[in-house]
Amino acid sequence: MKKILKLLGLLVVILLIVLLIGKNFIAKKAVMGGVKAVTGLEMDIDSMDVGILNTLVGINEMKLYNPPEFSDRVMIDIPEIYVDYDLSAFIKGTAHLEEVRINLKELTVVKDKEGRLNINSLKVAKKGEKPEKPGEKKETEIKIDLLDLKIGKVIYKDYSRGSEPKILEYNLNLHEKYYNITDLNEDRK
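Residues numbered from 1 in each chain as written. Predicted model: local features only at pLDDT ≥ 70, side-chain atom pairs only at ≥ 80, totals over all residues. Heavy atoms only, no water.

Thoughts on the environment of Leu20
For clarity, the threshold we go by: Put simply, DSSP H or I for four residues or longer makes a helix, DSSP E for two residues or longer makes a strand, and each gets a number counted from the N terminus.
In this structure, Leu20 sits in helix α1 (residues 2-39). C-alpha separation for the pair Leu20 and Gly51, spaced 31 residues apart in sequence, amounts to 9.6 Å.

The structure is reproduced here in structure tokens:
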């Protein structure tokens, strides 16, 4: 009986170790699969860290790819997304993000020969949904204590005028910090 308990204890420890090591892999695959299901676009994430004892989600080297009909491979290049959240607020129905860091290195907007824009593929089709009636759905409250936003550059490539694209590059080099955000529609100027 003692040997069975030791074996069972060892199996539990091994299972916990596998879950601790595998949680990031599982979360990464879930995010990539979710983006694919919602947008139809491929995504790659180099690494993802989901905290168990601490309430954080960290994504490193995320790339969202263009649909196959666009010759340019990468649409969005984000070296870092970091979110530290308040779990108890989420349980109560409020999205309280204590710190959010987004580092968008590059966004490439492409207009193909037919005049279609790659960013339009980000629109999510809501098939079969009925329009919401006022008062039907309660919006989730949101609070962001700190949003640290970096945007490197935006590139616009227009292939609609011939085989060689017209390329415009905007080096924004924006680095802004916003505090105490409670309304995502509020103008923060």
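Notes on the confidence of the model for the protein
Rules: pLDDT is a residue-level measure of predictor confidence that goes from 0 to 100. Contact definition: two residues touch when any of their heavy atoms are within 4.5 Å.
Chain-level pLDDT for the protein is 87 on average; 90% of the residues reach the 70-or-more range. With pLDDT under 50 throughout, residues 125-130 is counted as low confidence; its partners more than four residues away or in other chains account for zero contacts.

Observations regarding the pattern of salt bridges
The following threshold applies: When a carboxyl oxygen of Asp or Glu lies within 4 Å of a side-chain nitrogen of Lys or Arg, that pair is called a salt bridge. In this scheme, a residue with accessible area under 20% of its type's maximum is buried, one over 50% is exposed, and one in between is partly exposed, where area comes from a 1.4 Å probe on protein chains only.
Per the counting criterion, the structure on display carries twelve salt bridges. Two residues, Arg101 and Glu80, come together in a salt bridge whose shortest N-O distance is 2.9 Å. On the criterion of sequence distance, the pair formed by Arg101 in strand β4 (residues 94-111) and Glu80 in strand β3 (residues 74-85) is long-range, its members being 21 residues apart. Since its relative accessible area comes to 24%, Arg101 is described here as partly exposed. Since its relative accessible area comes to 23%, Glu80 is described here as partly exposed. Glu169 is the partner of Lys153 in a salt bridge, and the nearest nitrogen-oxygen pair spans 3.4 Å. In this pair, Lys153 sits in strand β5 (residues 141-158) while Glu169 sits in strand β6 (residues 166-181), placing the two residues 16 residues apart along the sequence. Judged by its relative accessible area of 21%, Lys153 is partly exposed.

Remarks on the environment of Val57
With respect to the element layout, Val57 can be found in strand β2 (residues 56-65). Filtering out sequence-adjacent residues up to four positions away, Val57 remains in contact with Met48, Asp49, Ile81, Tyr82, Val83 and Tyr85.

Brief notes about the nonpolar core
Where a protein is soluble and globular, its nonpolar side chains tend to be buried together. As a reminder of what qualifies: Put simply, a nonpolar core is a bunch of buried Ala, Val, Leu, Ile, Met, Phe, Trp, Tyr and Cys residues held in one set by side-chain atoms that sit within 4.5 Å of each other.
Met43, Ile45, Met62 and Leu64 are the most contacted members of the largest nonpolar core, which totals 23 residues. Put simply, the parts of the chain that give this core at least two residues each are α1, β1 (43-50), β2, β3, β4 and β5. Counting residues per element, this core draws most heavily on β3, which supplies six residues. Residues contacting Ile45, with those up to four places away along its chain left out, are Lys28, Val31, Met32, Ile59, Asn60, Glu61 and Met62.

Side note on the packing of aromatic side chains
Put simply, the rule is: Two rings belonging to Phe, Tyr or Trp (six-membered ring only in the last case) form a pair when the distance between their centres is within 6.5 Å. Interplanar angles under 30 degrees mark stacking, angles over 60 mark edge-to-face geometry, and anything in between is tilted. Think of it as a cone above the ring: NZ of Lys or CZ of Arg counts as a charge over the ring if it is within 6 Å of the ring centre and within 35 degrees of the ring normal.
Applying the stated rule across the entire model yields one aromatic pair. For the pair Tyr85 and Phe90, a centre-to-centre distance of 5.6 Å together with 90° between the ring planes defines the contact as edge-to-face. When the ring centre of Tyr65 is taken as reference, the NZ or CZ atom of Arg73 above it lies at 4.0 Å. The aromatic ring of Tyr82 is capped on one face by Arg101, whose charged end is 4.0 Å from the ring centroid.

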